[in-house]
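Inside the fold
These are the residues of each chain, in order.
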Amino acid sequence: DQQVKQNSPSLSVQEGRISILNCDYTNSMFDYFLWYKKYPAEGPTFLISISSIKDKNEDGRFTVFLNKSAKHLSLHIVPSQPGDSAVYFCAASWGIQGAQKLVFGQGTRLTINP
Amino acid sequence: EADIYQTPRYLVIGTGKKITLECSQTMGHDKMYWYQQDPGMELHLIHYSYGVNSTEKGDLSSESTVSRIRTEHFPLTLESARPSHTSQYLCASSEQNYGYTFGSGTRLTVV
């Protein structure tokens, strides 16, 4: 049972336009959500996060929106740049016995076209 | 500059061999994790640790084992490698809050 789902395996966007990556989750116990960016042959790097008590968090070109009633979050990148081309993973966190475990989606491969 | 290191980056090894994937972090984090990822798939947690002498199995069953004798070191061992173990293995660590820092990963190929 996949608790975090990214239903779009790939997305292609023109440089300068907005990129919107979507993520759905099923477990209402999740209390923190994160986006990671991954280049080939490298580990994921943290991009932006949001607590379940908020509905929006912004950091430069990156904004994450959380809709708890729909169990949906999205990452907006504007304007998109060629260096944004990577695989983006949505992750959700909940704490068990003091260890926060992250559950990841399948990832969305974003390609920014010049 | 990476604060969590994984070696080797790439490993091709024959079936039946014993292998150890190394992971070390210099941040003093108590919590460490091993994830496994196949191409185009999500990251699956296979092991985690709360601190020294603590190890737990993750959500995905794995034939690998881990140890945590020192805070900074969390190696993963496969006693007898098989082609089904071919995958990318990612190590991560975290503090009390929720952010993970990942290593660069080890891409393992068992032939």
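For the structure itself, consult the block above.
Below: a short report on this structure. Just so we're clear, the structure is a prediction, and the values are computed from it rather than from any experiment. (Residues numbered from 1 in each chain as written. Chains lettered and ligands numbered in written order. Predicted model: local features only at pLDDT ≥ 70, side-chain atom pairs only at ≥ 80, totals over all residues. Heavy atoms only, no water.)

1. Some remarks on the pattern of salt bridges
Going through the model one piece at a time under the given rule, you end up with four salt bridges over all chains. The salt bridge partner of R61 of chain A is D84 of chain A, with a shortest N-O separation of 2.8 Å. With R61 of chain A in the loop between β6 (56-59) and β7 (62-67) and D84 of chain A in the loop between β8 (72-77) and β9 (86-96), the pair connects residues that are 23 residues apart, well separated along the chain. Residue class for D84 of chain A comes out buried when judged on its relative accessible area of 2%. As a salt-bridge pair, R82 of chain B and E63 of chain B come within 2.7 Å of each other at their nearest N and O atoms. (Salt bridge = Lys/Arg side-chain N within 4 Å of Asp/Glu carboxyl O. Helix = DSSP H or I, 4+ residues; strand = E, 2+ residues; numbered from the N terminus. Buried < 20%, exposed > 50% of the residue type's maximum accessible area, 1.4 Å probe, protein only.)

2. Examining the interface of chain A and chain B
It is common to report an interface's size as the accessible area lost on association of the parts. Between chain A and chain B, the residue contacts involve 22 residues of the former and 25 residues of the latter. In this assembly, chain A packs against chain B so that about 1,900 Å² is buried in total across both faces, 56% of it on carbon and sulfur atoms. There are zero salt bridges connecting chain A and chain B. Where chain A meets chain B, there are six residue pairs in polar contact (both at pLDDT 80 or more). Elements represented by at least two residues in the side of chain A that touches chain B include exactly β4 (32-38), β9 and β10 (99-104) of chain A. The element that contributes the greatest number of residues to the side of chain A that touches chain B is β10 of chain A, accounting for five residues. (Contact = heavy atoms within 4.5 Å. Buried area = accessible area lost by both parts, 1.4 Å probe. Polar contact = N/O pair within 3.5 Å; in protein donor to acceptor, adjacent residues only side chain to side chain.)

3. So, the sheet that holds strand β7 (residues 65-66) of chain B
Hydrogen bonds between backbone atoms are what pair the strands of a sheet, whose relative direction is either parallel or antiparallel. Residue and element names in this part refer to chain B. The strand order across the open sheet built from four strands is β1-β3-β8-β7, with neighbouring strands paired in antiparallel fashion. At either end of the open sheet lies a strand with only one pairing partner, and these are β1 (4-7) and β7. Bridge analysis of β1 against strand β3 (residues 19-25) gives four bridges, and the strand direction is antiparallel. Looking at β3, one finds that I4 is bridged to Q25. (Pairing = 2+ DSSP bridges.)

4. Remarks on the nonpolar core
If you look at the biggest cluster of nonpolar residues, it comprises 24 residues, and the most contacted ones within it are V4, F33, W35, L73, L75 and Y88 of chain A. Counting residues per element, the ones that place at least two in this core are β3 (19-25), β4, β5 (45-51), β7, β8, β9 and β11 (108-113) of chain A. Top contributing element to this core by residue count: β9 of chain A, with four residues. Discounting chain neighbours no more than four positions away, the residues touching Y88 of chain A are Q6, L21, W35, Y36, K37, L47, L75, I77, G107, T108 and L110 of chain A. Ranked by size, the runner-up nonpolar core spans 18 residues in total, among them W34, V66, F74 and C91 of chain B. (Core = buried A, V, L, I, M, F, W, Y, C linked by side-chain atoms within 4.5 Å.)

5. Remarks on empty space enclosed by the protein
Summed over all chains, the structure comprises one cavity of 30 Å³ or more. Approximately 30 Å³ is the volume found for the largest cavity. As for the largest cavity, its lining consists of A41 of chain A together with R9, Y10, Q88, S104, G105 and R107 of chain B. Its residues placed into classes, the lining of the largest cavity shows two nonpolar, three polar and two charged. (1 Å grid on protein atoms, 1.4 Å probe; cavity = no way out; pocket = protein on both sides within 12 Å on 5 of 7 lines; lining within 4 Å. Points joined across faces, edges and corners; volume = space filled by probe spheres on them. Nonpolar A, V, L, I, M, F, W, Y, C, P; charged D, E, K, R; others polar.)

6. Observations regarding the packing of aromatic side chains
All chains considered together, the criterion is met by 14 aromatic pairs over all chains. Ring centres of Y25 of chain A and F33 of chain A lie 4.6 Å apart, and the angle between their planes is 40°; on these two criteria the pair is classed as tilted. The exposure classification of Y25 of chain A matches that of F33 of chain A, with both residues buried. Aromatic side chains Y35 of chain B and Y100 of chain B sit 6.3 Å apart centroid to centroid with 55° between the ring planes, which places their arrangement in the tilted category. (Phe/Tyr/Trp six-rings, centres within 6.5 Å; stacked < 30°, edge-to-face > 60°.)

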